[in-house]
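Here is how the chains run, residue by residue.
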Amino acid sequence: MLTIAAARPAAYSFDLSTTALLVIDMQRDFLEPGGFGASLGNDVEQLRRTITPLAALLAGARAAGLTVVHTREGHLPDLSDCPPAKLHRGAPSLRIGDAGPNGRILIRGEYGHDIVDELAPLPGEPVIDKPGKGAFYATGLDALLTERNIHSLLVTGVTTEVCVHTTVREANDRGYECLVLADCVGSYFPEFQRVGLDMIAAQGGIFGWVAESTDVLAVLP
Ligand code: TIU
């Protein structure tokens, strides 16, 4: 058992064989200009500080033999898996499915939909394609984790208050123990980053725990 004493609200313990590193939606569509995040009026630079610590954590996790699972948010080319409520909401400069500089916005198979080069999945690492914000909705993630006897998740990715939060809430309700790594999750809004993390650890860890990636690297073999 490995223990992160500095986690809040209390120490977090996990076993390598029953833990996965979950990397949520580190896609060009959220982290690079011309994608979905930018089309919503966001400054993608706010998210890019996560790439360097996450690359280091990914390397440490791989070296320790930890299961690594990546997710990508996106839709089928015919948009049959995109609810109208999602497609028509707001007034983005480009809607889901529109042609952008990195291909069609948030469409599977397009350049912009894929994961940034720095965090590219290795062959054999599962990549879960998800149509929603939560990684458990309409995906095989729960079955994959159950099959591998995984019940602890080290959670990273973007954005803190949207896909990370939704996924952590889904995971918590399914019995997974989530440690969210503050420097490896990012929001377009600094106040949402702070409050989003506080919400997870508040009330005795109502959804999970929060720590830094260096805390994890310090205990990995
Ligand atoms: N808009 C926003 O903050 N996030 C998303 O739409 N998706 C994810 O968080 N991946």
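Residues numbered from 1 in each chain as written. Predicted model: local features only at pLDDT ≥ 70, side-chain atom pairs only at ≥ 80, totals over all residues.

- Taking an unreviewed UniProt entry as the reference, the protein is identified by name as Cysteine hydrolase belonging to Micromonospora zingiberis.

1. Re the overall build of the protein
Consideration 1: Summing up its helical and strand segments, the protein has nine helices and ten strands in all.
Consideration 2: Taking 2.2 N^0.38 as the reference for a compact globule, 221 residues should give roughly 17 Å; the C-alpha atoms of the protein span a radius of gyration of 17 Å, in line with that estimate.
Consideration 3: By principal-axis analysis of the C-alpha atoms, the protein measures approximately 50 × 35 × 30 Å.
Consideration 4: Within the protein, the fraction of its 221 residues that count as buried is 42%.
Consideration 5: Restricting to contacts in the protein with at least 6 residues of sequence separation, those with at least 24 account for 72%. (Helix = DSSP H or I, 4+ residues; strand = E, 2+ residues; numbered from the N terminus. Rg over C-alpha atoms; globule rule 2.2 N^0.38 Å. Buried ≥ 20, exposed ≤ 12 C-beta atoms within 10 Å, placed from the backbone. Contact = placed C-beta atoms within 7 Å.)

2. A word on the environment of Glu-45
Consideration 1: Note on placement: Glu-45 falls in helix H3 (residues 45-48).
Consideration 2: Along the primary structure Glu-45 and Ser-187 are separated by 142 residues, whereas in three dimensions their C-alpha atoms are 10.0 Å apart.

3. Observations regarding the site of the ligand
Consideration 1: Around the ligand, the surrounding shell consists of Asp-25, Phe-30, Gly-37, Leu-40, Glu-73, Lys-133, Val-158, Thr-159, Val-162, Cys-163 and Tyr-188.
Consideration 2: Across the shell around the ligand, the residue classes tally to six nonpolar, two polar and three charged. (Near = placed C-beta within 6 Å. Nonpolar A, V, L, I, M, F, W, Y, C, P; charged D, E, K, R; others polar.)

4. Details of the UniProt feature "domain: Isochorismatase-like" (unreviewed entry) in the protein
Consideration 1: Mapped onto this structure's residue numbering, the UniProt feature "domain: Isochorismatase-like" (unreviewed entry) falls at residues 19-206.
Consideration 2: Each end of residues 19-206 is marked by a C-alpha atom, and these two atoms are 20 Å apart; helix forms 35% of the span and strand 20%. (UniProt positions renumbered as here; feature names shortened; annotations may be inferred.)

5. Overview of the environment of Cys-184
Consideration 1: Mapped onto the elements of the fold, Cys-184 is located in strand S9 (residues 177-186).
Consideration 2: Looking at Cys-184, the number of C-beta atoms within 10 Å reads 29, which means it is buried.
Consideration 3: Linking Cys-184 and Leu-2, residues 182 residues apart in sequence, is a C-alpha distance of 20 Å.
Consideration 4: When sequence neighbours within four positions are dropped, the list of residues in contact with Cys-184 reads Thr-50, Pro-53, Leu-54, Leu-57, Thr-156 and Ser-213.

6. A few points about the sheet that holds strand S4 (residues 67-73)
Consideration 1: Taken together, the six strands give an open sheet; going across it, the order is S7-S4-S3-S8-S9-S10, and neighbouring strands pair in parallel fashion. Only two strands of the sheet have a single neighbouring strand rather than two, namely strand S7 (127-130) and strand S10 (209-211). Averaged over neighbouring strand pairs, the angle between their axes works out to 25° when direction is ignored.
Consideration 2: When S9 meets S10, the two strands line up parallel, connected through three bridges. Across the sheet, the residue bridging to Leu-179 is Trp-209, located in S10. (Pairing = 2+ DSSP bridges. Axes fitted to C-alpha atoms, helices over the stretch in contact; angles between N-to-C directions.)

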